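Summary of structural features
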Amino acid sequence: MRRLALALAVLIAAAFGLLELSSARTFQLFGEVISAGPPDRPVVALTFDDGPTARHTPALLQMLADADVRATFFLIGQSVEQNPDMARAIVDAGHQIGNHSWDHPRMIAMSPRAVRSQITRTDAAIRAAGHDGPIAFRPPYGKKLVVLPWVLGEMGRPSVMWSIAPEDAVAPDAPAQALAQYVIDTARPGDIILLHGMYNSNARTRAALPAILAGLQARGFEFVTLEALTGAAR
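Residues numbered from 1 in each chain as written. Predicted model: local features only at pLDDT ≥ 70, side-chain atom pairs only at ≥ 80, totals over all residues. Heavy atoms only, no water.

Details of the side chain of aspartate 123
Residue placement: aspartate 123 occurs in helix 5 (residues 112-128). For aspartate 123, a relative accessible area of 14% translates into the label buried. In this structure, aspartate 123 is in contact with Asn99, Ile135 and Arg157, ignoring residues within four places of it in sequence. (Helix = DSSP H or I, 4+ residues; strand = E, 2+ residues; numbered from the N terminus. Buried < 20%, exposed > 50% of the residue type's maximum accessible area, 1.4 Å probe, protein only. Contact = heavy atoms within 4.5 Å.)

Right, here's the structure in full:
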């Protein structure tokens, strides 16, 4: 019984370790991972995951245009195919587009072939929307373990993570003002800020965005695309 208990404890510890490793922002087993840019000047990269959607993408683009801000959108290939006009609007507004997989699965247990399909199908949809520059990749849910980093390494592309995730850090029932204030108070030079804003469930983030933009600009920060911040656009 004691040996069985020990074996179970080891297995549980190993599983917990793999879970933690799969979500690590600054380390992975293969290839390159990027979670922030150089801290030598007051610039940050604002990134939006998921979408695009017809209902809420225009509002985000208008808020960014009003503040003269360029951002990076990690889009889902299936959504790009379903909403090509919205993807083109993001391109036409001068924002960077990244790849966030075809249909947003957890990619830690996929075969190399399936991983490549998720990436290449989304790349093709992004190209069809008019994006002609390099395409960065962000793992769905930030999950990566062995196969995904290995495939990305073979493709010469890093895993792009983030250094600030305000929607996770601030209580779900906290108001938009609290979300905005967290970003304004926490941001440091070189940060990559993760937000979601294109679904009905992201109303709080959309409400907070104008204050985030104004507050960080008041602190002297400039918003740049991920490529301008880190060069991570391969």
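Let's talk about the pattern of salt bridges
Opposite charge on two side chains permits pairing when their charged atoms draw close. Inspection of every chain in the model, using the stated rule, returns three salt bridges. In this structure, the salt-bridge partner of arginine 88 is aspartate 85, at a minimum N-O distance of 3.1 Å. On the criterion of helical spacing, the pair formed by arginine 88 and aspartate 85 is a turn pair, its members being three residues apart in helix 4 (residues 84-92). Judged by relative accessible area, arginine 88 falls into the partly exposed class, the value being 35%. (Salt bridge = Lys/Arg side-chain N within 4 Å of Asp/Glu carboxyl O.)

Brief notes about the packing of aromatic side chains
Going through the model one piece at a time under the given rule, you end up with one aromatic pair. On the numbers, 5.2 Å between centres and 25 degrees between planes, the contact of phenylalanine 48 with phenylalanine 73 is stacked. You can see phenylalanine 48 sitting in strand 2 (residues 43-49) and its partner phenylalanine 73 sitting in strand 3 (residues 72-75), a full 25 residues away along the chain. Exposure class is identical for phenylalanine 48 and phenylalanine 73. Each is buried. Sitting above the plane of the tyrosine 141 ring, arginine 106 keeps its charged end 4.1 Å from the centroid. Positioned above the aromatic ring of tryptophan 102, the side-chain terminus of arginine 121 is 4.1 Å from the ring centre. (Phe/Tyr/Trp six-rings, centres within 6.5 Å; stacked < 30°, edge-to-face > 60°. Lys NZ or Arg CZ within 6 Å of the ring centre and 35° of its normal.)

Here we look at the packing of helix 2 (residues 57-66) against helix 9 (residues 203-218)
Close contact between helix 2 and helix 9 brings their axes to 10 Å; oriented N to C, the two are set at 10 degrees. Here helix 2 lies roughly parallel to helix 9, going by the angle between them. Between helix 2 and helix 9 lies a crossing of right-handed hand. On the side of helix 2, the interface is formed by Leu60, Met63 and Leu64, while helix 9 contributes Arg206, Leu209, Pro210 and Leu213. (Axes fitted to C-alpha atoms, helices over the stretch in contact; angles between N-to-C directions. Parallel < 35°, antiparallel > 145°, perpendicular 65-115°, else oblique. Left-handed = near helix turned anticlockwise from the far one by under 90°.)

Remarks on helix 8 (residues 176-186)
Helical periodicity: at 3.6 residues per turn, an α-helix aligns residues three or four positions apart in one direction. Looking only at helix 8, the buried set comprises Ala176, Leu179, Ala180, Val183 and Ile184. All buried residues of helix 8 project into a common sector of 130 degrees when viewed along the axis, lining one side. Among the structural elements, helix 7 (166-169), strand 6 (192-196) and helix 9 are those in contact with the buried residues of helix 8. (Arc of directions from axis to C-beta.)

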